[in-house]
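Chain by chain, the residues:
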Amino acid sequence: AKGGGRNRFSYFTPTLQVAALNRMRLTNDLRGALKGGQLALYFQPIVHLRTGRIHKAEALIRWTHPQRGMVSPLEFIPLAESSGLIMEIGSWVLRESVQWVRRWRREHHPEFQVSVNQSPLEFQRDDGSYQAWLGELQALDLPGQSVVVEITEGLLLDANSAVSNKLLQLRDAGIQVALDDFGTGYSSLSYLKKFDIDYLKIDRSFTRNLAPDSSDMALSDAIIVMAHKLGLRVIAEGVETAEQRDLLAAAGCDYGQGYLFARPMPAEQFDALLKAQAAQ
Ligand code: C2E
Ligand code: CA
Ligand code: CA
Ligand code: CA
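Quick summary incoming for the structure in this document. (Residues numbered from 1 in each chain as written. Chains lettered and ligands numbered in written order. Predicted model: local features only at pLDDT ≥ 70, side-chain atom pairs only at ≥ 80, totals over all residues. Heavy atoms only, no water.)

**Digging into the packing of aromatic side chains**
Scanning all chains against the criterion turns up nine aromatic pairs. On the numbers, 5.8 Å between centres and 80 degrees between planes, the contact of tryptophan 104 with phenylalanine 112 is edge-to-face. By relative accessible area, phenylalanine 112 is classed as buried at 0%. A connected cluster of aromatic rings, assembled from ring pairs, spans Phe43, Trp100, Trp104, Phe112 and Phe270. Sitting above the plane of the phenylalanine 123 ring, lysine 166 keeps its charged end 5.0 Å from the centroid. Over the face of the ring belonging to tyrosine 130 we find lysine 166, whose NZ or CZ atom lies 3.9 Å from the ring centre. (Phe/Tyr/Trp six-rings, centres within 6.5 Å; stacked < 30°, edge-to-face > 60°. Buried < 20%, exposed > 50% of the residue type's maximum accessible area, 1.4 Å probe, protein only. Lys NZ or Arg CZ within 6 Å of the ring centre and 35° of its normal.)

In structure tokens:
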């Protein structure tokens with residue numbers, strides 16, 4: 001019977017075990033990554049479409065694993081969430097972002113904003129690190145508007161009081177909020193009037209297939225008109241071609257982000273880019 005069982009499962013057990021083991025190892029390594037200085041923030045410009053100028057940047061986390069090289073956040077953020085490490089990582093991201101935005105505001109652009117991603121888990125849980133971070137902003141004499149927090153629609157759909165409270169807290173501190181990946185998955189829009197949101201980020205899946213008279217063009221047009229009527233600004237993600245940029249600009253989209261402008265880059269490199277822009 002034992003042999004039969006082994007045969008029955010031998011097809012997938014080894015791969016499942018390998019995957020699980022791999023996740024365990026990676027989670028373990030992630031614990032050391034913070035202290036070991038293996039994490040870094042990259043920055044990707046967010047460009048004002050009408051003027052072509054960089055007014056903001058999105059902070060994107062990078063992990064250089066000593067053996068495996070670059071590990072994608074799509075792989076390790078879920079591990080950080082399931083292991084609870086996300087709180088520690090999230091507060092590192094916030095503190096690190098603030099240091100950079102402070103420098104950039106002082107040296108290159110007085111109204112510069114850095115946009116940071118927050119996973120739902122991190123957003124909802126209150127471990128006090130958030131308050132500490134708000135205090136840090138104040139101590140550095142940075143206005144709340146220096147920072148935009150990016151959250152996803154799902155969070156607002158099943159918003160509990162923790163979510164509402166957090167949003168109010170942000171609002172009180174002057175911090176702005178962007179809805180990330182807008183248009184993917186959910187169709188209820190009622191939360192847009194219920195919550196005070198500042199930016200909609202049109203998901204890359206819409207930008208990708210933009211062409212005159214396409215359905216994605218119609219959808220993008222509609223999202224932009226609606227957002228503006230509600231007093232929100234729109235950022236299009238994943239802009240890769242000049243045609244996409246021009247179509248979005250013609251539709252009245254406020255900002256664009258994507259490989260056409262620049263890929264995410266190390267902070268020092270982004271600093272040089274902003275410096276060059278300020279000198280123009
Ligand atoms: P996201 O927030 O939707 O970030 C945008 C992703 O699109 C980034 O991937 C960025 O590198 C990529 N991207 C930007 N422009 C283009 C383009 O023109 N074409 C294409 N194909 N891709 C483009 P990345 O950096 O790998 O991040 C993946 C996801 O990981 C992010 O998606 C976000 O959900 C998560 N993430 C990244 N950093 C953090 C963080 O600090 N905290 C948390 N909680 N999540 C993060
Ligand atoms: Ca984002
Ligand atoms: Ca996004
Ligand atoms: Ca995403």
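**Quick look at the coordination of the calcium ion (ligand 4)**
Every protein donor of the calcium ion (ligand 4) is accounted for by Asp181 (OD) and Asp181 (OD), and the metal-donor separations fall at 2.8 to 3.0 Å. The metal-metal distance between the calcium ion (ligand 4) and the calcium ion (ligand 2) is 5.9 Å. (Donors = N, O, S within 2.8 Å, 3.2 Å for Na, K, Ca; no water.)

**A closer look at the site of ligand 1**
The immediate surroundings of ligand 1 are formed by 22 residues, with Arg62, Asp180, Arg204, Glu240 and Tyr259 found nearest. Contact distances for ligand 1 include 2.8 Å between an oxygen atom and a side-chain N or O atom of arginine 62. Among the elements of the structure, β2 (53–65), α3 (73–83) and β6 (176–182) are those that each provide at least two residues to the shell around ligand 1. At four residues, the largest contribution of residues to the shell around ligand 1 is made by β2. (Near = heavy atom within 4 Å. Polar contact = N/O pair within 3.5 Å; in protein donor to acceptor, adjacent residues only side chain to side chain. Helix = DSSP H or I, 4+ residues; strand = E, 2+ residues; numbered from the N terminus.)

**Describing the environment of leucine 232**
Residue position: leucine 232 is located in the loop between α11 (215–229) and β8 (233–236). If we ignore the near neighbours within four places in the chain, the residues touching leucine 232 are Leu192, Ile197, Asp198, Tyr199, Leu200 and Ala227. (Contact = heavy atoms within 4.5 Å.)

**Here we look at helix α8 (residues 161–173)**
Between its first and last C-alpha atoms α8 spans 18 Å; for 13 residues at 1.5 Å apiece the expected length is 18 Å, and the two agree. Taken as a whole, α8 has its buried residues at Val163, Lys166, Leu167 and Leu170. Buried residues of α8, viewed axially, fall in a sector of 100 degrees; they line one side. In α8, those exposed residues whose orientation departs by more than 90 degrees from the buried face are Ser161, Leu168 and Asp172. Buried-residue contacts for α8 involve α5 (120–124), α6 (129–139), β5 (147–152), α7 (153–157) and β6. (Expected span 1.5 Å × (residues − 1). Arc of directions from axis to C-beta.)

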